[in-house]
Amino acid sequence: MPLSEQEQRLLDEMERHLMSHDADVVTAPSRALSYRNIVYGSILVLAGLGALVAGVSIGFNTGFLGIAVGVLGFLFMVTGVVLAVTPLKGSARASATSPSAARAPRASGASFMDRMNDRWDRRNEER
């Protein structure tokens, strides 16, 4: 069911308000990944996968040793993934440079939805 013109205008206005007042959400700093960490993490994941397969295959014959090698392989894989997706420490931007830090605090303590409801009521009274 398509939106009426009034609903579409309200939706557009809400979107503009969110874009202008919540710019820190839209322009969140991206954190750069290290290629070195990605390579080391990939190697750990592959080694862990190999150890997991080896643990399963020898687990049928030896029991506890196979389980230990499989668990160790799984831990290698988890460590490799965490290492690969960990961002660089120096790539985080200071929060003082974000556009939201320069803005003055809002004058009213009302929530966004309260202000939208008030605006909606005022528009309906004008008509």
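Residues numbered from 1 in each chain as written. Predicted model: local features only at pLDDT ≥ 70, side-chain atom pairs only at ≥ 80, totals over all residues. Heavy atoms only, no water.

Looking at an unreviewed UniProt entry, the protein carries the name DUF3040 domain-containing protein, with the source organism given as Microbacterium testaceum.

**Here's the deal with the UniProt feature "transmembrane region" (unreviewed entry) in the protein**
For the record, the criterion: UniProt positions are given in the numbering used here, feature names are shortened, and annotations may be inferred rather than shown by experiment. The helix count covers DSSP runs of H or I at least four residues long, the strand count covers runs of E at least two residues long, and both are numbered beginning at the N terminus.
UniProt records the feature "transmembrane region" (unreviewed entry) at residues 38–58 and 64–85, using the numbering of this structure. Along residues 38–58 one finds 100% helix and 0% strand; the C-alpha atoms at either end are 30 Å apart. End C-alpha atoms of residues 64–85 are separated by 32 Å, and the span's content is 100% helix alongside 0% strand.

**Some words on the environment of His-17**
Short version of the rule: Only protein chains enter the accessibility calculation, which uses a 1.4 Å probe; a residue is then buried when its area is under 20% of its type maximum, exposed when over 50%, and partly exposed in between.
Residue placement: His-17 occurs in helix α1 (residues 5–21). Classification of His-17 as buried rests on a relative accessible area of 12%.

**Remarks on helix α4 (residues 64–85)**
Just so we agree on the cut-off: Multiplying one less than the number of residues by 1.5 Å gives the expected span of a helix. In this description, one arc is meant: the one made by directions from the helix axis to the C-beta atoms.
Taking 1.5 Å per residue, 22 residues should reach 32 Å; α4 reaches 32 Å between its end C-alpha atoms and fits that length. For α4, the full list of buried residues reads Gly-66, Gly-70, Gly-73, Met-77, Gly-80 and Ala-84. Each buried residue of α4 sits inside an arc of 85° when the element is viewed along its axis, so together they form one side. Facing away from the buried surface of α4 by more than 90 degrees, the exposed residues are Phe-64 and Ile-67.

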